[in-house]
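What the coordinates show
Chain by chain, the residues run as shown.
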Amino acid sequence: MMSEAALEEVSVLSSIYCGEGELTVRQQDAQDGLMVQINSSVGGERGLDVSLLFHLHPPYPLCPPAISVSSSSLSRTQCQDIRQKLLGQAAALPPEPMVHRLVERLQECVEVTEMCEEVKEEEEEEWTAVLSLDHIRSRSRYVGQLQRWSLQLQLTGRLLLGRCILMILLGARPSIKEFCRLLKTVKVDVDSSGRKCKERMMKVLIESPLSPYAGHGLQGFVVKSYESLPELSAAFQELNMTEIYQQILPSLSG
């Protein structure tokens, strides 16, 4: 038999979600319990429509409800992720009516899921960055460290040595950010007195998603010297990065 607590909760929910189409009782069966669908809009100004289907089995609320999540605004993977989060929260709540509390937590679950999705997309998307290095005094030590980091972070790179020392990096954006962090926090070179020092003067000249045709000639970690700006321009042209070179040129001429 359906519990009195479940029937009373549905009555209360009906007064809370009283807008047109907000709440629908899909099933009311003595043997199988209640199925309640609640349609909610989350995500602030974007107004993502999410539908929650709660199956309150006869022992409810002694056992948590079964939950289904659907939305035309979110992917199936995102809906499954939100469902798992809500099921986890339901299992952690005390055995008392909890549907309203779970609906209230939907906003938080959607925000976390979207944040994870953005991070995942960011990790999968190829980015490029051009860094300006201040000096390389201990060449073998410095270049060796740059090569090790590139390998560890699964980045491809080209170190261009000339009047300006430039580092071109290709790979996942979080890896590029970690490379830059290491450059500024790890002692990679020596100063004019021969003491170990960090690359505090490193500058990120440009950072952007990689265009489809850029970087095709860039593999592994390569060190290349240049004597003039035309030679530097040719190095970028070789990698189909002429547009990037034009964008950083004002920084090199300063």
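Notes on the structure in this doc start here.

Basis of the calculations
Residues numbered from 1 in each chain as written. Predicted model: local features only at pLDDT ≥ 70, side-chain atom pairs only at ≥ 80, totals over all residues. Heavy atoms only, no water. 1 Å grid on protein atoms, 1.4 Å probe; cavity = no way out; pocket = protein on both sides within 12 Å on 5 of 7 lines; lining within 4 Å. Points joined across faces, edges and corners; volume = space filled by probe spheres on them. Helix = DSSP H or I, 4+ residues; strand = E, 2+ residues; numbered from the N terminus. Nonpolar A, V, L, I, M, F, W, Y, C, P; charged D, E, K, R; others polar. Pairing = 2+ DSSP bridges. Axes fitted to C-alpha atoms, helices over the stretch in contact; angles between N-to-C directions. Parallel < 35°, antiparallel > 145°, perpendicular 65-115°, else oblique. Left-handed = near helix turned anticlockwise from the far one by under 90°. Contact = heavy atoms within 4.5 Å. Buried < 20%, exposed > 50% of the residue type's maximum accessible area, 1.4 Å probe, protein only.

A word on the layout of surface pockets. Roughly 260 Å³ of internal volume is contained in the largest pocket. Looking at the largest pocket, it is lined by 13 residues, and the ones nearest its centre are Ser132, Leu133, Asp134, Cys164 and Lys203. Contributions of two or more residues to the lining of the largest pocket are made by strand E5 (126-133), strand E10 (203-209) and helix H8 (242-253). Partitioning the lining of the largest pocket into residue classes produces 6 nonpolar, 4 polar and 3 charged.

Here 5 strands make up an open sheet; going across it, the order is E10-E5-E7-E6-E11 and the pairing mixed. Looking at which strands have only one partner, the edges of the open sheet turn out to be E10 and strand E11 (221-225). Neighbour-to-neighbour, the strand axes of the sheet open up by a mean angle of 15°, direction not taken into account. Pairing analysis gives 5 bridges linking strand E6 (residues 156-161) to strand E7 (residues 165-172), with the strands arranged antiparallel. Residue Thr156 lies in a different strand from E7, and its bridge partner there is Leu170.

Attention now moves to the packing of helix H5 (residues 139-152) against helix H6 (residues 173-185). Contact geometry of H5 with H6 gives a least axis separation of 10 Å together with a crossing angle of 150°. Put simply, H5 runs roughly antiparallel to H6. Crossing of H5 over H6 shows right-handed handedness. Residues Tyr142, Leu146, Trp149 and Ser150 of H5 lie in contact with H6, whose contacting residues are Phe179, Leu182 and Leu183. When the residues that make up the contact of H5 with H6 are grouped by side-chain class, the tally is 6 nonpolar, 1 polar and no charged.

On to the pairing of E5, then. Most of E5 sits out of view: 7 of its 8 residues are buried. Here E5 pairs with E7 via 8 bridges, running antiparallel. Looking at the pairing, Leu131 lines up with Met167 of E7. Looking at chain direction, E5 and E10 are connected through 6 bridges and run antiparallel. Its bridge partner being in E10, Leu131 is matched across the sheet by Val204.

Any functional reading would require information that these geometric values do not contain.
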